[in-house]
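# Coordinate inspection notes
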Amino acid sequence: MTKFLPKIIQGGMGVGVSSTKLANTVSRAGQLGVVSGTALGLTFARRLMQKGNEVYLEAMNHFPFKKVIEKIKAKFSVKSDQDPFKMVEMPTIHPSEDLNELIVVANFVEVHLAKKGHNGVVGINFLEKIQFPTLASIYGAILAGVDYILMGAGIPHRIPDVIKKLTNHEDASLPIKVANEQQNDIELSTFSPKAFAQDEALPELTKPQFLAIIGSHTLANYLMKSEFGSPDGFVVELPVAGGHNAPPRGNYALTESGEPIYGARDVVDFEALKAINKPFWLAGGFGNPDGLQKALSLGAVGIQVGTAFAFSNESGFEATLKQRVLRQVIEGTVRVKTDIKASPTGFPFKVASVEGTLSEDDTYASRKRVCDLGYLREAYRKDNGSIGYRCPSEPVEDYVRKGGKVEDTVGRKCLCNGLVAGIGLGQKRKNGHDELPLVTSGDDLLFLGPLVDLESYSYSAVDVLNYLLNT
Ligand SMILES: Cc1cc2nc3c(=O)[nH]c(=O)nc-3n(C[C@H](O)[C@H](O)[C@H](O)COP(=O)(O)O)c2cc1C
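Now for a quick tour of the structure. Just so it is clear, the model here is predicted, and its values are computed rather than measured.

In the vicinity of the ligand there are 22 residues, among which Glu 237, Gly 285, Gln 304, Gly 306 and Thr 307 approach most closely. Take Asn 125: an N or O atom from its side chain is 3.0 Å from an oxygen atom of the ligand. Put simply, the parts of the chain that give the shell around the ligand at least two residues each are strand S3 (122-127) and strand S10 (302-305). Each residue belonging to the shell around the ligand can be placed in one class, and the counts come to six nonpolar, 14 polar and two charged.

What follows is the structure in C-alpha cells.
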C-alpha cells in the first residue's frame, strides 16, 4: 500500500478538544483527522457516567477482548446530573489491571469512533511527558487500526520500537523519568499484550506510521539516529502553536509580561530538515491559505493546524464556551499568553484570556488546590527507596512534604481539572466550587475572524478545510 501523505493534519489537541467528531469529519473529507490521546482513561470513564453514553457502549462491542468490556460497563454507569463523577484511579508507573483495561479500551473506542463510517486515515496524539499510560494507550489505538501515531512534548526516541512490538503483540517496556535521577532506565513501565488478552484470540494488526512532533531540526536528526528505530516523518511545531510549547533553547529572556523570547538558536533550518529525506509538516501559525503555500515552498508535505479547528463546531470544547471565545475574538477582547508557570510540566503553556475561566487570576485564586486526576504528576524517589508521585499544582504543603520546592508551586495551575472542564466533563465539588475551564489556544486565535458566522458565532471544520485549501 502506498503511503498517504495528507496536506492537512488536524492537530491533536488535548484534553478532548480533538474529539472523535472532529477527527471523523476531517478524515472523511480526505485529510488526516487526529484524536487526542491525553487522559482518555479518565474522559472515557466520565463519558460512560453521562447520559448519551450509548455511542461509547456500542463502540466497546467492537473491542476484540470481550472479558474486560463487561467489567468496565459494570463499573461505570450513568450518574445523575447533580452527583459528582466517581473517582478514577490516577495513573502510575504500575497501574492496576482495571486501570490498564480502562486505558486500552478508551483508546480503542476513541480511534474506532474517529474511523467510523469512512475509509479515511485517522491519527492519535500523545505527549511524551505523560509517560505512565503510554504503552496501554498505544496498544488500544493500534487494536482499533489507527493509521498515524503522533507524539510531541518530549523526546520520543523509543516509540518506534514500542509501536513495532505492540503491533506484533510482543511485550514492550518504557523507562520512566524519576525526578532528580539522571539514570533513566531504572523504573520501567511494562505492558504485555498476551497477558492482557488472557486466552482470547489475538487479531492481526497493522503498524501505524509514527510522526514525531519536534521544535528543531537538531531533534529530528537525533531521532533519526535512535537505536530504537526512527520516525516515519515529522511535524515541526513553531512556538506560536497552542497547548504546550518547547521552551527557547539555552538561557532565555522574558518580555515585560513574562513571556519567553525565542532567539536565533530556535530558528528551524529547513534545508537541514529536507536533507533528512522524511516527510514533514509545519505547525504553529500556518493555519491559513498563505501558510499552506509557504510550508509547501519550504519543502513540507503540508501543515498541521490546531487553533482554527479547536473552535469549530465539531471540536470537543463545550459549545457555549466556544461561542464565548468567538464572541471575544470578534470584539477584539481576547489575548493569548504564553505562561511559563501555569503548566506543572515546566513547559511554556498557552492560555487564552476568556471571561469566567481560570485565565483570570482572581477566579483561579478562589479554587481550592486539589490533585485528583494526576496525569501530570511526576514520579520521585522517597527516602525509603520506593516511588511516590507529586505535582507542583497540588496543595503546596503536600508537594513540599514530598520533597518538592515551594518556589515550584508558584503560579502553577491544575491543567488536568481545567482542561477537562473545558470539554464539559468538569468535576462537581461538594463546596459548590465546581471545576472551571482553562482554555488553551495558539496565537492564531486572534485571526479567526474571517471564519466566524456573525449570527451564530460559529463555523464548521469543513469551513476550515475549504478556507485552508482555497476550495
Ligand atoms: C486547544 C489546543 C490544544 C492543543 N493540545 C495539544 C496536545 O495535546 N498535543 C500536541 O502535540 N499539540 C497540541 N496542540 C498543538 C496542535 O496540535 C497544533 O500543532 C497547533 O495548534 C498548530 O498551530 P496553530 O494552532 O497555530 O494552528 C494544541 C493546540 C491547541 C489550539
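We now examine the packing of helix H2 (residues 40-48) against helix H5 (residues 97-115). At a closest axis distance of 8 Å, the pairing of H2 and H5 adopts a crossing angle of 75°. For the element pair H2 / H5, the angle class is roughly perpendicular. Along its contact with H2, which presents Leu 40, Gly 41, Phe 44 and Ala 45, the element H5 presents Leu 102, Ile 103, Val 105, Ala 106, Asn 107, Val 109 and Glu 110. Per-class residue counts for the contact of H2 with H5 are eight nonpolar, two polar and one charged.

Taken together, eight strands build an open sheet; the order of strands is S1-S10-S9-S8-S7-S4-S3-S2 and the sheet is parallel. Bordering the open sheet on either side are strand S1 (8-10) and strand S2 (33-36), each of which pairs with just one other strand. Sheet twist, expressed as the mean angle between neighbouring strand axes with direction ignored, is 25°. Summarising the sheet, strand S8 (residues 233-237) and strand S9 (residues 280-283) pair through four bridges and their orientation is parallel. Bridging from a neighbouring strand, Val 236 pairs with Leu 282 of S9. Its contacts with the sheet place helix H9 (residues 217-224) against strand S7 (209-214) and S8, and it is angled at close to 145° to S7.

Conventions adopted
- Residue numbering note: each chain is counted from 1, following its sequence as written.
- Since the coordinates come from a predicted model, pLDDT governs what is reported: local features require at least 70, and pairs of side-chain atoms require 80 or more to be given and counted, while whole-chain, interface and lining totals use all residues.
- Excluding hydrogens and water, the side-chain values take into account all heavy atoms of the structure.
- Throughout this document, a residue counts as near a molecule or strand when at least one of its heavy atoms sits within 4 Å of that molecule or strand.
- Polar contacts, as used here, are pairs of N or O atoms within 3.5 Å; protein pairs need one atom able to donate a hydrogen and one able to accept it. Residues neighboring in sequence count only if both atoms are side-chain atoms.
- Counting from the N terminus, the helices are the DSSP runs of H or I reaching at least four residues and the strands are the DSSP runs of E reaching at least two.
- Throughout this entry, Asp, Glu, Lys and Arg are counted as charged residues, while Ala, Val, Leu, Ile, Met, Phe, Trp, Tyr, Cys and Pro are counted as nonpolar. The remaining residues, Gly among them, count as polar.
- All axes are obtained by fitting lines to C-alpha atoms, using only the stretch in contact for helices, and the reported angles, taken between N-to-C directions, cover 0 to 180 degrees.
- With respect to orientation, any angle under 35 degrees is reported as roughly parallel, any angle over 145 as roughly antiparallel, any angle of 65 to 115 as roughly perpendicular, and every other angle as oblique.
- Residue contacts are defined here by distance: any two heavy atoms, one from each residue, within 4.5 Å place the two residues in contact.
- Here the rule is simple: two strands pair whenever DSSP picks up at least two bridges between them.

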